[in-house]
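Summary of structural features
The lines below spell out each chain.
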Amino acid sequence: MNQLRLLLLGPPGAGKGTQTSKLLAQFPQLKAISSGDILRQHIKNGTRIGTLTAQFIKQGKLVPNELITKLVFKHLSTLNDGWILDGFPRTLIQAQNLSQYLNPLGKDINLVIELDVPESVILSRIEERWVHLQSGRTYNDTYNAPKTPGVDDITGEPLVRRSDDNKLAMQTRIREYKATIAPLRQFYKNKGLLSVISGDSSDEIYPLLLDTVLEVSRAQETQI
Ligand code: ATP
């Protein structure tokens, strides 16, 4: 049976990572790829890709299409069916390339969910965000604080602030998002794959997201 291949879209700080974690907790057979997490790992490990991309990320600018596309394809090729993509594709050209890569394999994206969260909410959230670089787990001082401040609940390793979670980089990230989302949205709308979910908090959004995933997978006879 066909498996779920979900793309999450949404502005920076909309909670794509949080929603992904919730889905993974509920459906442990799914795997997730976050392009931002992959890049941050490279930076942490001091690889050539990390060196090439660190400045783009710090400034909130998109990294070159070719570089990120190759990187994500490499990770995708290691996965079996049944996955969530977060952060890639985020330009029309990336979406077209991904489709050209997956279509012949019979494994193209079969659901796209856009998280629609007000800008005021995402800006305030970003300032309180902490991440565990190894896993991509995120915490928030108000909504989802770690059990011990500054420490990952699962591994006990230190949490860090992202180099791009500051006002200036955030403005650039939001600008980049607004400049690229319309054609991407249209691309997936034309394929009949796009659902939009609006809300202010992940507690509000997750049940709606889950309903959408379950409904679409029933309709498409897709296994989760
Ligand atoms: P959040 O993680 O808060 O939802 P975001 O979507 O801005 O916000 P990431 O997806 O983690 O964050 O991306 C962080 C940075 O990594 C981007 O600002 C960009 O520099 C780079 N990046 C990640 N994915 C891509 C991509 N598909 N194309 C180009 N650059 C990317």
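Residues numbered from 1 in each chain as written. Predicted model: local features only at pLDDT ≥ 70, side-chain atom pairs only at ≥ 80, totals over all residues. Heavy atoms only, no water.

Under an unreviewed UniProt entry, the name given to the protein chain is GTP:AMP phosphotransferase, mitochondrial, and the organism recorded is Arxiozyma heterogenica. Quoted straight from UniProt, the Function (unreviewed entry) entry for the protein chain says "Involved in maintaining the homeostasis of cellular nucleotides by catalyzing the interconversion of nucleoside phosphates. Has GTP:AMP phosphotransferase and ITP:AMP phosphotransferase activities." (UniProt positions renumbered as here; feature names shortened; annotations may be inferred.)

Some remarks on the overall build of the protein chain
When its secondary structure is counted, the protein chain shows eight helices and seven strands. Its C-alpha atoms give the protein chain a radius of gyration of 17 Å, near enough to 17 Å, the size a compact globule of 224 residues would have. The principal-axis extent of the C-alpha atoms belonging to the protein chain is close to 45 × 35 × 30 Å. Taking all 224 residues of the protein chain together, the buried fraction comes to 46%. Here the contacts in the protein chain between residues at least 6 apart in sequence split such that 72% fall between residues at least 24 apart. Entry remark: accessible area of the protein chain is about 11300 Å², with carbon and sulfur atoms responsible for 53%. Distance between charge centroids for the protein chain: 6 Å, based on 27 positive and 23 negative side chains. (Helix = DSSP H or I, 4+ residues; strand = E, 2+ residues; numbered from the N terminus. Rg over C-alpha atoms; globule rule 2.2 N^0.38 Å. Buried < 20%, exposed > 50% of the residue type's maximum accessible area, 1.4 Å probe, protein only. Contact = heavy atoms within 4.5 Å. Areas by Shrake-Rupley, 256 points an atom, 1.4 Å probe, with all protein chains shown as cover. Lys, Arg positive; Asp, Glu negative; His and termini not counted. Charge placed at Lys NZ, Arg CZ, Asp CG, Glu CD.)

Quick word on the UniProt feature "domain: Adenylate kinase active site lid" (unreviewed entry) in the protein chain
UniProt records the feature "domain: Adenylate kinase active site lid" (unreviewed entry) at residues 129-164, using the numbering of this structure. With 0% helix and 17% strand, residues 129-164 has end C-alpha atoms that lie 11 Å from one another.

Considerations on the side chain of Arg 129
With respect to the helices, strands and loops of the structure, Arg 129 is situated in strand 5 (residues 129-131). For Arg 129, a relative accessible area of 14% corresponds to the buried category. A polar atom in the side chain of Arg 129 sits 2.9 Å from the side chain of Asp 165. Filtering out sequence-adjacent residues up to four positions away, Arg 129 remains in contact with Gly 13, Thr 138, Tyr 139, Arg 161, Arg 162, Asp 165 and Arg 173. (Polar contact = N/O pair within 3.5 Å; in protein donor to acceptor, adjacent residues only side chain to side chain.)

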